[in-house]
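# Overview (structure and organization)
Single-letter residue listing:
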Amino acid sequence: MSRIAPRADLQDLAGYHSPQLDVSVRLNTNESPYPPPPEFLDAWLRELRAADLHRYPDRLAGALRQAIAERFDRSADEVFAANGSNEVLQTLLLTYGGPDRRALIFEPTYALHAHISRLTGTRTITAHRGDDFLIDPRSAVSLIEREQPEIVFICSPNNPSGTIEPVDTIAAIADAAPGLVVVDEAYGEFATTSALSLVSEERAVVVTRTYSKVWSLAALRLGFLVGPTWLVAELDKVVLPYHLDVSTQTAGRVALNFVADMESRVSRLVEERERLFRALQDLSEITVFPSGANFLLFRCHGGGHAVWQALVDDGVLVRDFSSWPGVEDCLRVTIGTPEENDHFLAGLRAAVARK
Ligand code: PMP
């Protein structure tokens, strides 16, 4: 038997690990607890039935891009769409990263920024957020001036902390950056501010979004970015032809006819987030961080992993960050339905009382 080793720089790569355990309450991957409305399903399937399945899909996903562009008052050539915002990020790095380039990442943040950088051979420069998980704009600007990274990642609201980065900070970074600035707004609709206003033809700022969270379509894999037309044109050359299948393109376009349903799901989740936030604030064994997303990060004084295990034993799966640098002893809970959140709260109260 002859085997081949992975590329030398990938040999000690750890894969993406967020366990998919069989429990009754799954609050670990920031999906929506609510499915899309039945009217959406009917409209989507009706269109799919009429699709030419023997033909390749529209390579540029023109109708989808047009619909997304209209929602943001932009033009279709400022929109790029792919299979989840992860593929959008990957296409950005395939196009603008590579062995002779560096990406600046403010940790702790979404692990895939560093992971995809590495997969594409892009070196990373790691900077650190403050205790409040915000980026200090002054030190970020001087770091950028000194290091001149080709790519800068900013995640807002930041995963896993939930922190909303002030638009002024993002603007200062964009002014200082010599190259691409990626603002990952996967949780954008849950927040009060957005960097979309910074997108223009004059600079390489892109804002990425996803259908996985607010649009309740995680199973379909659809994400997009809004950015300058000249940058979108480069991405179109790099991404695989026909990468976005017809069912996903159609779903993304049809979903946009159900904005009011989406907004009502989002406001229910924001209300629940605030209820859960207050309840966690009342627990002296825990510090909870303010969040502009559909999840909350909290630190368990005296050990996060044991609390995670106790919750799993109680049928509740949250995300265990307890051994991650910068978020030691922290767990992240996705906002679920009120019943799921109550189940989580009861389990958490019991777990911390037992310690
Ligand atoms: N960015 C952030 C910050 C995320 O948390 C996620 C999902 N965990 C993604 C991007 C990727 O989302 P998707 O590929 O499902 O669009």
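See the structure above.
Calculation criteria
- Residues numbered from 1 in each chain as written.
- Predicted model: local features only at pLDDT ≥ 70, side-chain atom pairs only at ≥ 80, totals over all residues.
- Heavy atoms only, no water.
- Helix = DSSP H or I, 4+ residues; strand = E, 2+ residues; numbered from the N terminus.
- Rg over C-alpha atoms; globule rule 2.2 N^0.38 Å.
- Buried < 20%, exposed > 50% of the residue type's maximum accessible area, 1.4 Å probe, protein only.
- Contact = heavy atoms within 4.5 Å.
- Areas by Shrake-Rupley, 256 points an atom, 1.4 Å probe, with all protein chains shown as cover.
- Lys, Arg positive; Asp, Glu negative; His and termini not counted.
- Charge placed at Lys NZ, Arg CZ, Asp CG, Glu CD.
- Salt bridge = Lys/Arg side-chain N within 4 Å of Asp/Glu carboxyl O.
- Phe/Tyr/Trp six-rings, centres within 6.5 Å; stacked < 30°, edge-to-face > 60°.

When you go through the protein chain residue by residue, the secondary structure sums to 11 helices and 13 strands. The C-alpha atoms of the protein chain give 21 Å as radius of gyration, which agrees with the globular expectation for 355 residues (20 Å, within 12%). Principal axes of the C-alpha set define a box for the protein chain whose edges measure 60 × 60 × 55 Å. Relative to its 355 residues, the protein chain shows a buried fraction of 54%. When contacts within the protein chain are restricted to residue pairs at least 6 apart in sequence, long-range pairs at least 24 apart make up 74% of them. Here the protein chain has roughly 16200 Å² of accessible surface; of this, 51% comes from carbon and sulfur atoms. In the protein chain, 34 positive and 48 negative side-chain charges are present, and the distance between their average locations comes to 3 Å.

This paragraph deals with the side chain of lysine 213. Its place among the elements puts lysine 213 in the loop between strand S7 (205–210) and strand S8 (223–226). Of the side chains with opposite charge, glutamate 31 lies nearest to the buried lysine 213, which makes no salt bridge, at 7.4 Å. Once residues within four sequence positions are removed from consideration, lysine 213 is found in contact with Thr29, Asn30, Ser32, Ala186, Tyr187, Phe190 and Asn294.

The next thing to look at is the packing of aromatic side chains. Counted according to the given criterion, the structure contains 10 aromatic pairs. With 5.9 Å between their ring centres and 15° between their planes, phenylalanine 40 and tryptophan 44 make a pair best called stacked. Taken together, the residues phenylalanine 40 and tryptophan 44, both in helix H1 (residues 38–49) and four residues apart, mark about one turn of the helix. Note on accessibility: phenylalanine 40 and tryptophan 44 belong to one class, buried. Here the aromatic rings of phenylalanine 133 and phenylalanine 289 are separated by 4.9 Å at their centres, their planes lie at 80°, and the arrangement is edge-to-face. Placement of phenylalanine 133 in the loop between strand S4 (123–128) and helix H5 (137–147) and of phenylalanine 289 in the loop between strand S9 (286–288) and strand S10 (295–300) is noted, with a sequence separation of 156 residues between them. For the pair formed by phenylalanine 133 and phenylalanine 289, the shared burial category is buried.

In this section: unusual backbone geometry. Cis geometry is found at the peptide bond from glutamate 107 to proline 108, where omega equals -5°. Each neighbour pair has its own omega, and for asparagine 159 with proline 160 the value is 15°, a cis peptide bond. A positive phi angle, near 60°, is found at tyrosine 242, a position not held by glycine. Mapping tyrosine 242 onto the fold places it in the loop between helix H7 (229–238) and helix H8 (246–255). Tyrosine 242 sits in the partly exposed class, given a relative accessible area of 32%.

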